[in-house]
Structures are given as structure tokens and as C-alpha cells.
Amino acid sequence: MVCAVLLSGCSSGVLGSGSDLTVVIGVDGPLTGKLADLGLGIRNSAELAINKANAKNTVPGVKFVLDAKDDEADEQAAKANGEAFVADPRVMGVVGPLTSSGAIAMAPGLSQADLAEVSPSNTSPALTWGADYRANGKKRQYATYYRTVTTDAVQGPLLAKYAHNRLHAGRAAVISDTKAYGSNLAAEFATAFEEVGGKVVYRTTVKPGTTDFTKIASLVAAQDPDIVYYGGEHPEGGPLSAALKAAGVKAPLAGGDGLHTDGYIKAAGGASNGDFASQPGISVEGLASAFSYLDAYRAAGYKEEPGPFGPYGYDSTWALIQAVGKARQADPELSGAALRKAVADAMQNVSFFGVTGDVSFDEFGDTHNQVASIYKVANGTWTAIVPFGRLRDF
């Protein structure tokens, strides 16, 4: 990788030194561990956006540099990485983290430091609306936090309505892990499923890292559900699907974006066929706007697939690049803390047509693009069956 793009191995420039201003964009996510395939897809996509901005001189007088940090999908590591980004005066924005738990740990420190954060994957509504939004209404939580994907308040109910109205499922077993993402997503699904006339006949939680689901599968089988919903991630979701099918459960397993990975299919094996997953945002495979991105990703020779969040990682990075451009256009002499604050302020008015469609943000920091998609495993491959879905569609 060239020095103009990657922070490691480059000379330690100072803001404002040399002919160009060095602006660092941080990326936080799991670059190792069980969720590394998702984190690496985001990192690689951020690098593509930075390479393009530098090659095209998108922001005159600015050289963008990537600083990717590994949090191994651990919230405390994400918090520490956030503190490191804050401490580097060259960092003008952060892409990530992957997980909602990581963002809950990282966002307060970044917001206090006026450091813009754009996540391509966080789906917990609490990050933008507050944990008690149902009782007390929506209230913005962090002035510098934004995201390019929709939330569990869309993808959970979307799949619940699809299951009840299209699959004619009347009985659901709902299982979740204990993380912020999984527990909230399962709650959104369960609430919506009962609101449309379904019945939740079984409800339980599992600890992250659980590998033996034999007992739970037996209890689920006894309830004879029409669908099993899992709020969590693929390292547990895949073995759960396999255990359910082995116990004689004929109902498909469904979940959110945490299951929509190749890792889920590998972990579940043949049991994954017929299972469902929602994905916040639109299915980009058929989008003309995504063709050049996908071509560039393949041409770059990355070992990892872009994954479901790579396109959103690209657009999240480009949103930060656009904000830097707006801030510099308003005052070309800005640097350091003043530029950081100006970039954070400019994020609210960023608007462009990106890989994933229209990219802009509402008063809470959420994307205006409130859509989700639904996928089904067929012959060992995820296939989009609802590439563009809104709640009103079901």
C-alpha cells in the first residue's frame, strides 16, 4: 500500500506542514477475530474512497490518509481506539465501529471532542434517538454521530411483517444474544410481529460465544413455531440454525444483518438453506451506482469480499471527505481543532448520490434513506428477495 493512503509507514506529518494538509480518516472495526470479514470489507472500502479522493484531488490542498484500528468487535477496544483517534490532531473523522455496542462506547468521547463519526453498520435506534425513545420521544444523543444505514426500528419490523403477511407465519420463537444490537433487534421483531397479529410462543437469550444449542433447539421444537427469529451475529446464528434443523424444527431461521454473511452459511452448512436475513439499506448488487465501486474493489485485489457493509463504508468515508471539502471551502486556512469542529458541523449538510443511493442525514444523524432489504439462502448463497423494502410495503 502506498504511503499517500496508509498511515502506517508514512512520515509523521504535522497539520499544515508541506504543500498539502494531511487529513487522517480513522476506521474502527474488527480486523481480526470472528467478525473480521465484515470489518475488513469496511476498511478496504474506506481505502478505495480515500484513494479516489487523492487521485482526483477532490479536496484541493488536502491529502487524505487512512488509519485503521482493530477493535476485535469488543466495545472496550472500540472505546480505546476512539480515544486514540481523539488524541491525534490530524484525525478529522472516523468511520465505524461495526457494532452498536462499540459505538455506544465510542460515541460519547468523539462527540465531546467535536470529532465526526459515520457508521456504515450500527443499527441500534438508541444511538440517535435515545434508549427510552418509545416512552419519551426521540432526542438526539451525540452531535457528531451519523450513520449511512437504517436502524433496527426498520429492519426488525420489516421482516416481522414479511414473515406474517407473506410467509403466513403465525407463531414465532424469538432468541437473542445479550448485546445491544441483538437484544434490541429481537425486541423490535417481537413487538412488530405481535402488532400485526402474530404470537411469540418462545423467548430466550443466549450468551455471546455459545456453541451448544441442543437444549434450546429441543425447547423450540416443542413449540412448533412457523418461524424462529435470532437477534445476534453469525458465529452463534449459524450453529443455532444447524441445531434447530437437527432437532426437527421445520421453520426457517431469520435474523438481521448480523446473519447476512458468508460466515453464517459456512457455520450452518446445509441447514441454512431457506433461512432469511434482513439488511439495513438497499441491495446494491443491481444498482448501477454500485457497478464502478464493485469493479474498483475487485481490481484492487482485496482478499476479502466487500460484504454487506462495504458499500456503506465507502459512502461513510466519502461523506467525511465531502465534509472536509465543505469546511475547507468555507475557510481554507482551517486546521487542527478548528477544522475538526468545522468538519463535524459540515456533516449535517452533506448530500450526494453515492454507491448506496442518496446519502444525507436527518436532524438525529440518521440517513434519510430509510429502506431495508430481505435475503434468503438458496443453494448455499444469499439471494435478495426484497431488494428495496419500506415498512408501508407490507
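Residues numbered from 1 in each chain as written. Predicted model: local features only at pLDDT ≥ 70, side-chain atom pairs only at ≥ 80, totals over all residues. Heavy atoms only, no water.

## Some thoughts on the nonpolar core
For soluble globular proteins, nonpolar side chains are generally found buried alongside one another. Going by this rule: Joining through side-chain atoms within 4.5 Å is the link that ties buried Ala, Val, Leu, Ile, Met, Phe, Trp, Tyr and Cys residues into a set, and such a set is a nonpolar core. Only protein chains enter the accessibility calculation, which uses a 1.4 Å probe; a residue whose area is less than 20% of its type maximum is buried, one above 50% is exposed, and one in between is partly exposed. In DSSP terms, a helix is any run of H or I states spanning at least four residues, a strand is any run of E spanning at least two, and both are numbered starting from the N terminus. In what follows, residue pairs with any heavy atoms lying within 4.5 Å of each other are defined as contacts.
Val23, Phe64, Ile321, Leu339, Met347 and Phe361 are the most contacted members of the largest nonpolar core, which totals 54 residues. Contributions of two or more residues to this core are made by β1 (21-29), α1 (36-56), β2 (62-70), β3 (91-95), β4 (116-119), α11 (288-299), α12 (310-330) and α13 (336-346). Among the elements that take part in this core, α12 stands out by supplying nine residues, more than any other. Residues contacting Leu339, with those up to four places away along its chain left out, are Leu21, Val23, Met92, Ala327, Arg328 and Leu334. Listed in part, the 25 residues of the second largest apolar core include Leu158, Ala169, Phe193 and Val386.

## With respect to the packing of helix α6 (residues 152-165) against helix α7 (residues 180-195)
Let me state the cut-off plainly: Each axis is a line fitted through C-alpha atoms, and for a helix only the stretch in contact is used; angles between axes span 0 to 180 degrees, taken between their N-to-C directions. Here roughly perpendicular refers to angles of 65 to 115 degrees, roughly parallel to angles under 35, roughly antiparallel to angles over 145, and oblique to all remaining angles. Handedness of a helix crossing follows the sense of rotation of the near helix relative to the far helix, less than a right angle counterclockwise being left-handed and clockwise being right-handed. Polar here means any residue outside two lists: the nonpolar Ala, Val, Leu, Ile, Met, Phe, Trp, Tyr, Cys and Pro, and the charged Asp, Glu, Lys and Arg; Gly therefore counts as polar.
It is at 8 Å that the axes of α6 and α7 come closest, and there the two elements cross at 45°. As far as their axial angle goes, α7 and α6 are oblique. As α6 packs across α7, the resulting crossing turns out to be right-handed. On the side of α6, the interface is formed by Asp152, Ala153, Gln155, Gly156, Pro157, Leu159, Ala160, Ala163 and His164, while α7 contributes Tyr181, Asn184, Leu185, Glu188, Phe189, Ala192 and Phe193. The residue makeup of the contact of α6 with α7, split by class, is ten nonpolar, four polar and two charged.

## Regarding the pairing of β3
Note the cut-off: Whether two strands pair comes down to DSSP finding at least two bridges between them. Here the term right-handed applies to a crossover when the path leading from its first strand over the helix to its second strand runs clockwise, the strands being oriented away from the viewer.
Judged by how many residues are buried, β3 sits mostly within the fold: five of five residues are covered. Strand direction decides the pairing type here: β3 and β4, joined by three bridges, are parallel. When the sheet's bridge partners are listed, Gly93 is paired in β4 with Ala116. Taken together, β3, helix α3 (residues 100-112) and β4 constitute a β-α-β crossover, and its handedness is right-handed.

Take it as geometry only, folks, not as evidence of what the structure does.
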